[in-house]
Each structure stands twice: as C-alpha cells, then as structure tokens.
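This is what each chain is made of:
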Amino acid sequence: MDNHPWWFWPTALLFFCFILGIIAVMAGVGGGVLFVPLVSGFFPFHLDFVRGAGLLVALAGALAAGPGLLRRNFANLRLALPVALIASACAIVGAMLGLALPTNVVQTCLGATILGIAVLLLMSKNSVRPVVTKQDAVGLALGMNGVFLEPSTGEVVEWKTHRTLVGLLLFIAIGIMAGMFGLGAGWANVPVLNLLMGVPLKVGVGTSKFLLSITDTSAAWVYLNQGCVIPLMAVPSIVGLMLGSVVGVRLLAVAKPKFIRYMVIIVLFFSGAKALLKGLGW
C-alpha cells in the first residue's frame, strides 16, 4: 500500500524527468530510451503505463524539433516518408504485441534490448559525412537525395543513399521495437541512416527526430485506445523533459559530451540489467 499523497509521484516524476531531459540532450540520445527503463525500475508504475508515457515523451520532443529541422533541410521528407510508412505500420504491430504479451516477457525483452542499445552506443562511431560513390536503384527511384547548408563552414553539401533496401527492411524491426517497448527509436534510426545508408550525420539525426513524430504517433494511439496513458504520469514527464532539454542545450556548450555519453551508457547497462532481472523474477 502506497501511503504517499496523490501529488507525490507526479512531482517526483517531474523532477526526475527534468534531470533526464538535461542528460538526454547532452548525451545525444532521445528521452524515451532513458525514460522507460529508468521509470519502470525506480517508480511503482505498471510497465504498460510507463511505455504509454514513454511514447508521448519521445513524441513531444520530436514534434517540438520537427518544423525547425525541416526548415533548415536537416530533415528530408523524401527520405523520411518511405521509412515512416514502414516504421509506423510496424510500430502499431509492436504496440499490440507488447500489450498482448505477459508483462514479465516484455520486461525481459526490454532489458535485453536496453543492454543491446548500450553496446550499440558504446561501439558506434558515427560518420559525419559518409562517402557514397553511386546511388542504388531503390534510393534513386524514391528520390532519396538532397542538399543542405553546413552552418559551420557555409558549404552546400550534396548527399545520396546506398544500400537503401537493406535499410528499409531494418526499419521493420525498429518499428516493432519502438511500439513494443515505448522507447522511441532515435537510438536505432541514426546508425541505420548514417552508417548503413550513407546519409550525412546532421541529416540522419534531423530525419530521425522527424521520423519519431510519425512512428510514435502510430504506436501511441494503440496505448491511448487501451487506456494505458495516464495524464498524471504523461503530463509531468513531458513538462519535465521539455524543461530539462532547454537547460541541457545551454549546458551543452560547457559540458564534456564524451563524459556524459559514457555516463549514459553506464546508466543504460545498469537499468537494462535491472529490467532483465525483474522480468526473469530474480
């Protein structure tokens, strides 16, 4: 029995998400990927409600950033729309699957996924501008190319994709995981767009953020329809993360990103192990 007053947990969540927002910006990861494992581990909420709130947290950040990214050509519609169609359809399947499976199974899979994300973050070496000598037929047919202005140098950068079909197939798995675990999918979108398909890092990050606004909306409807989104959880989480993101952007200038990144990897290893052990009943 919880003896705290009704406002205790929403207030705790607000402050917790404020700190989470600061860390997420400085580490270059989405808030959703930290929100779900940490809140499910340290707060007395059912996993279904945490996942529903996690999708809205990732969605709020994406919606706030989307218009600015499109305006600067850092998010590309021709690149985003085929990927969004695949990922959002699969996110609905993932959300339905996540709600149908027993909680301990989802918790175990979540733990394993979070540990995998931590390893991916530890090993990934993003390429600022990958070299693509020749565009493949699929990328050419879908018009996956473009230009953007690099603000730091004033240079106009042209880009195109390769290995497009493999990348699109991978977004099936990414969409399912996004919906099933309520994590958002920025952690997977960027490596696939950047390292596999040869999209410049800035366009990959921008398009990934824009993609979340479509993919997470699809999955969020399933959670809303099943009554798994509680305003007393979702509102303080979103407000806390948004405020934390504003502070995080200002601190980014003085912080050492490498230290923050390793700190996040350690936190993900810890929370992934915690979720895995909780799911296995240890």
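Located above this text is the structure these notes cover.
First things first, this report covers the structure right here in the doc. (Residues numbered from 1 in each chain as written. Predicted model: local features only at pLDDT ≥ 70, side-chain atom pairs only at ≥ 80, totals over all residues. Heavy atoms only, no water.)

Re the overall build of the protein
Piece 1. The helix and strand tally for the protein stands at 11 helices and 2 strands.
Piece 2. Moving toward the C terminus, one meets the helices and strands of the protein in the order α-α-α-α-α-α-β-β-α-α-α-α-α.
Piece 3. Here the C-alpha radius of gyration of the protein, 18 Å, is about what a compact globule of 282 residues would show, namely 19 Å.
Piece 4. When the backbone C-alpha atoms are referred to their principal axes, the protein occupies close to 60 × 40 × 30 Å.
Piece 5. Within the protein, the proportion of its 282 residues that are buried is 49%. (Helix = DSSP H or I, 4+ residues; strand = E, 2+ residues; numbered from the N terminus. Rg over C-alpha atoms; globule rule 2.2 N^0.38 Å. Buried < 20%, exposed > 50% of the residue type's maximum accessible area, 1.4 Å probe, protein only.)

As for the packing of aromatic side chains
Piece 1. Tallying each qualifying case throughout the model produces 6 aromatic pairs.
Piece 2. When the centroid spacing of 6.4 Å and the interplanar angle of 75 degrees are considered together, the rings of Trp-9 and Phe-45 count as edge-to-face. One end of the pair, Trp-9, is in helix H1 (residues 8-27); the other, Phe-45, is in the loop between helix H2 (31-42) and helix H3 (47-71), and 36 residues separate them in sequence. Each of the two residues, Trp-9 as well as Phe-45, counts as buried.
Piece 3. A connected cluster of aromatic rings, assembled from ring pairs, spans Phe-8, Trp-9, Phe-16, Phe-43 and Phe-45. (Phe/Tyr/Trp six-rings, centres within 6.5 Å; stacked < 30°, edge-to-face > 60°.)

Examining the environment of Gly-98
Piece 1. Among the structural elements, Gly-98 can be located in helix H4 (residues 77-100).
Piece 2. In sequence terms Gly-98 and Asn-189 are 91 residues apart; their C-alpha atoms lie 20 Å from each other.
Piece 3. Apart from residues no more than four positions distant in its own chain, Gly-98 is found in contact with Arg-51, Val-106 and Met-180. (Contact = heavy atoms within 4.5 Å.)

A look at a nonpolar patch on the surface
Piece 1. Residues Val-119, Leu-122, Met-123, Tyr-262 and Phe-269 make up a contiguous nonpolar surface patch of about 440 Å² in total accessible area.
Piece 2. Mapped by element, the contributors of at least two residues to the nonpolar patch are helix H5 (103-123) and helix H11 (257-280).
Piece 3. Examining the composition of the nonpolar patch, we find that 3 residues originate from one element, H5, more than from any other.
Piece 4. With respect to the secondary-structure elements, Val-119 resides in helix H5.
Piece 5. Judged by its relative accessible area of 35%, Val-119 is partly exposed. (Patch = residues over 30% accessible without salt bridge, like charges linked within 9 Å, V, L, I, M, F, W, Y side chains within 5 Å. Areas by Shrake-Rupley, 256 points an atom, 1.4 Å probe, with all protein chains shown as cover. Salt bridge = Lys/Arg side-chain N within 4 Å of Asp/Glu carboxyl O.)

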